[in-house]
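Inside the fold
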Amino acid sequence: ERDPRAWHELARLAAARGDYGSAIAALFGAALAVLDETSIVAFDAARTPGEYRRLVRRARAPASVPFDDLADRFVRALYAPARSERADYEAAREALAAFEPALAP
């Protein structure tokens, strides 16, 4: 298990290699680590992105909009036939940057 900082570093390294799909996945990992670390939503590897989206919406509605954006980008990075580009990574990074402060009660 990684802490949010470690996930951010993995994202940065993957993006530097041009592996934007892995970078987006690491950003999603950072979001899940923040949720777990703050006890807002406990990490469960069996949960789907959709389940996490619902839990975030219930626990911290203001954070759900940027989290939804990040989760969408994560799913597309993993399952869409097109490769993720730098712009996709940058948008995911912006979503995470908006998500983290929105978690405050």
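Everything here concerns the structure above.
This section reports on the structure supplied with the text. (Residues numbered from 1 in each chain as written. Predicted model: local features only at pLDDT ≥ 70, side-chain atom pairs only at ≥ 80, totals over all residues. Heavy atoms only, no water.)

As a further point, take the pattern of salt bridges. One pass over the structure, following the stated rule, counts nine salt bridges. Across the salt bridge formed by Arg17 and Asp19, the nearest N and O atoms sit 3.8 Å from each other. The partly exposed category is assigned to Asp19, whose relative accessible area is 27%. For Asp69, the salt bridge goes to Arg73, with nearest N and O atoms at 2.9 Å. With a gap of four residues between them, Asp69 and Arg73 both fall in helix α4 (residues 61-79), about one helical turn apart. Judged by its relative accessible area of 28%, Asp69 falls in the partly exposed class. Its relative accessible area of 19% is what places Arg73 among the buried residues. (Salt bridge = Lys/Arg side-chain N within 4 Å of Asp/Glu carboxyl O. Buried < 20%, exposed > 50% of the residue type's maximum accessible area, 1.4 Å probe, protein only. Helix = DSSP H or I, 4+ residues; strand = E, 2+ residues; numbered from the N terminus.)

Attention now moves to the nonpolar core. Counting 31 residues, the largest nonpolar core has Leu35, Phe67, Leu70, Tyr89 and Phe99 as its most contacted members. Within the residue set of this core, elements represented by two or more residues are α1 (4-16), α2 (20-37), α3 (49-59), α4 and α5 (86-102). Per-element accounting of this core gives the leading share, 11 residues, to α2. Once residues within four sequence positions are removed from consideration, Tyr89 is found in contact with Ala11, Arg12, Ala15, Tyr20, Ala23, Ile24 and Leu27. (Core = buried A, V, L, I, M, F, W, Y, C linked by side-chain atoms within 4.5 Å. Contact = heavy atoms within 4.5 Å.)

For α2, which comprises 18 residues, the first-to-last C-alpha distance of 25 Å matches the rise-based estimate of 26 Å (1.5 Å per residue) to within 8%. Counting buried residues in α2 gives 14 out of 18 residues, a clear majority hidden from the surface. Of the residues one or two after α2, Ser39 is the one with positive phi, at around 60°. (Expected span 1.5 Å × (residues − 1).)

Okay, the packing of aromatic side chains next. In total, this model carries four aromatic pairs according to the counting rule given. Aromatic pair Phe28 and Phe74: ring centres 4.2 Å apart, planes at 10°, arrangement stacked. Here Phe28, found in helix α2, pairs with Phe74, found in helix α4; they are 46 residues apart in sequence, far enough to count as distant. Residue classification places Phe28 among the buried positions, given a relative accessible area of 4%. The interplanar angle of 45° and the centroid separation of 5.2 Å between the aromatic rings of Phe67 and Phe99 together place this pair among those described as tilted. Residue Phe67 is located in helix α4, and its partner Phe99 is located in helix α5; the two are separated by 32 residues in the primary sequence. Across this residue pair, the class does not change: Phe67 and Phe99 are buried. Here the aromatic residues Phe28, Phe67, Phe74 and Phe99 are joined through ring pairs into a cluster of three or more. (Phe/Tyr/Trp six-rings, centres within 6.5 Å; stacked < 30°, edge-to-face > 60°.)

That is the geometry; function is a separate question.
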